[in-house]
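# Descriptive analysis of the structure
The residues making up each chain are set out below.
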Amino acid sequence: PILCTKIKNSHGVSVATIEHLMAAFYGEGIDNITVEINAPEVPIMDGSSFDFVEAIRSVGIEEQNSPKKFIKVLKKFEVREGSKYISIEPLADDLIIDFEIVYKNPLIRSRRKEFKLSNCDLTSIYNSRTFCLYEDIDQIRSMGLAKGGSLENAIVVKENKILNDDGLRHRHEFVEHKILDCLGDLMLSGHRIFGHIKTSQGGHQLTNILLNKFLSVQSNWELITSQEKQKDQKNSQYGGPIAVNA
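Read on for a plain summary of the structure. (Residues numbered from 1 in each chain as written. Predicted model: local features only at pLDDT ≥ 70, side-chain atom pairs only at ≥ 80, totals over all residues. Heavy atoms only, no water.)

Among soluble globular proteins, nonpolar side chains are generally buried collectively. Grouped together as the largest cluster of nonpolar side chains are 49 residues, with contacts concentrated most on Ile-97 and Leu-186. Apart from residues lying up to four places away in sequence, Ile-97 is in contact with Lys-113, Glu-114, Phe-115, Ile-179, Cys-182, Leu-183, Leu-186 and Ile-197. (Core = buried A, V, L, I, M, F, W, Y, C linked by side-chain atoms within 4.5 Å. Buried < 20%, exposed > 50% of the residue type's maximum accessible area, 1.4 Å probe, protein only. Contact = heavy atoms within 4.5 Å.)

This next bit is on the pattern of salt bridges. As enumerated under the stated definition, the model contains nine salt bridges in all. A salt bridge links Arg-57 to Glu-28, with the nearest nitrogen and oxygen atoms 3.0 Å apart. Here Arg-57, found in helix 2 (residues 50–59), pairs with Glu-28, found in helix 1 (residues 19–28); they are 29 residues apart in sequence, far enough to count as distant. Arg-112 is the partner of Asp-98 in a salt bridge, and the nearest nitrogen-oxygen pair spans 2.7 Å. Of this pair, Asp-98 sits in strand 7 (residues 95–102) while Arg-112 sits in strand 8 (residues 110–116), placing them 14 residues apart in sequence. Judged by relative accessible area, Arg-112 falls into the exposed class, the value being 59%. The network of salt bridges with common partners includes Asp-31, Lys-68 and Arg-192. (Salt bridge = Lys/Arg side-chain N within 4 Å of Asp/Glu carboxyl O. Helix = DSSP H or I, 4+ residues; strand = E, 2+ residues; numbered from the N terminus.)

By the secondary structure assignment, Arg-129 is in the loop between helix 3 (123–127) and strand 9 (131–133). For Arg-129, a relative accessible area of 3% translates into the label buried. At a separation of 2.8 Å, a polar atom in the side chain of Arg-129 contacts the side chain of Glu-173. For Arg-129, the residues in contact, after removing those within four places along its chain, are Asp-46, Gly-47, Ser-48, Ile-155, Asn-164, Asp-166, Gly-167, Leu-168, Arg-169, Glu-173 and His-177. (Polar contact = N/O pair within 3.5 Å; in protein donor to acceptor, adjacent residues only side chain to side chain.)

The subject of this paragraph is the packing of helix 1 against helix 5 (residues 173–186). In contact at an axis separation of 7 Å, helix 1 and helix 5 are set at 75° when each is read in the N-to-C sense. By the criterion of interaxial angle, the relationship of helix 1 to helix 5 is roughly perpendicular. Only His-177, Leu-180, Asp-181, Leu-183, Gly-184, Asp-185 and Leu-186 of helix 5 make contact with helix 1, whose side of the interface consists of Glu-19, His-20, Met-22, Ala-23 and Tyr-26. Class assignment of the residues belonging to the contact of helix 1 with helix 5 gives a composition of six nonpolar, three polar and three charged. (Axes fitted to C-alpha atoms, helices over the stretch in contact; angles between N-to-C directions. Parallel < 35°, antiparallel > 145°, perpendicular 65-115°, else oblique. Nonpolar A, V, L, I, M, F, W, Y, C, P; charged D, E, K, R; others polar.)

Spelled out as structure tokens, the structure:
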């Protein structure tokens, strides 16, 4: 399984586990930022985006004299892999992520949640931590992954019990962490997206396949600026007509 999002440049330099940081940029409306890192992986922090969001808000943002740009979905596009699927379709001036998780585990089970960027408080999304099944830990570590993993930065589920002393932060934490990951992966497109995403059993790999195939066909989408949006939408969650950086 693909357990994180990893990017690599033409020189072969890569950085892994960028999705929680990218989700913070998406949610906070950051269009232009330079990230300096001296390690092959973004720090996992507490397994959520909380610390990144707090850092962004503590230093504030700087407005730039340049219109915001968005990817507007023009046609529905879908990717299926057996029972797993993800689709994206047109939606005016907003982003909706309809996410379903399906686990055999009796505690996680099947859960579904719809996230709408324009009218949602992102706090619970930002605070949702990554999670794993106790029985998968040995396999994950045998792959050389999660070497720094602990109950301090992940929810660990063993059968019908959560091993973390403090339990869940909220009852939708499992599925909302998947929404957080999806939000961060969508930011890999280079711009925020106006569209409606529906997915069942999705994840990093499926979102990546969708973006690559969807964006490779120019008739599926167009790049618009905030100046082209309706005036009554300019103060939405996506912000006004000014690009910002941190």
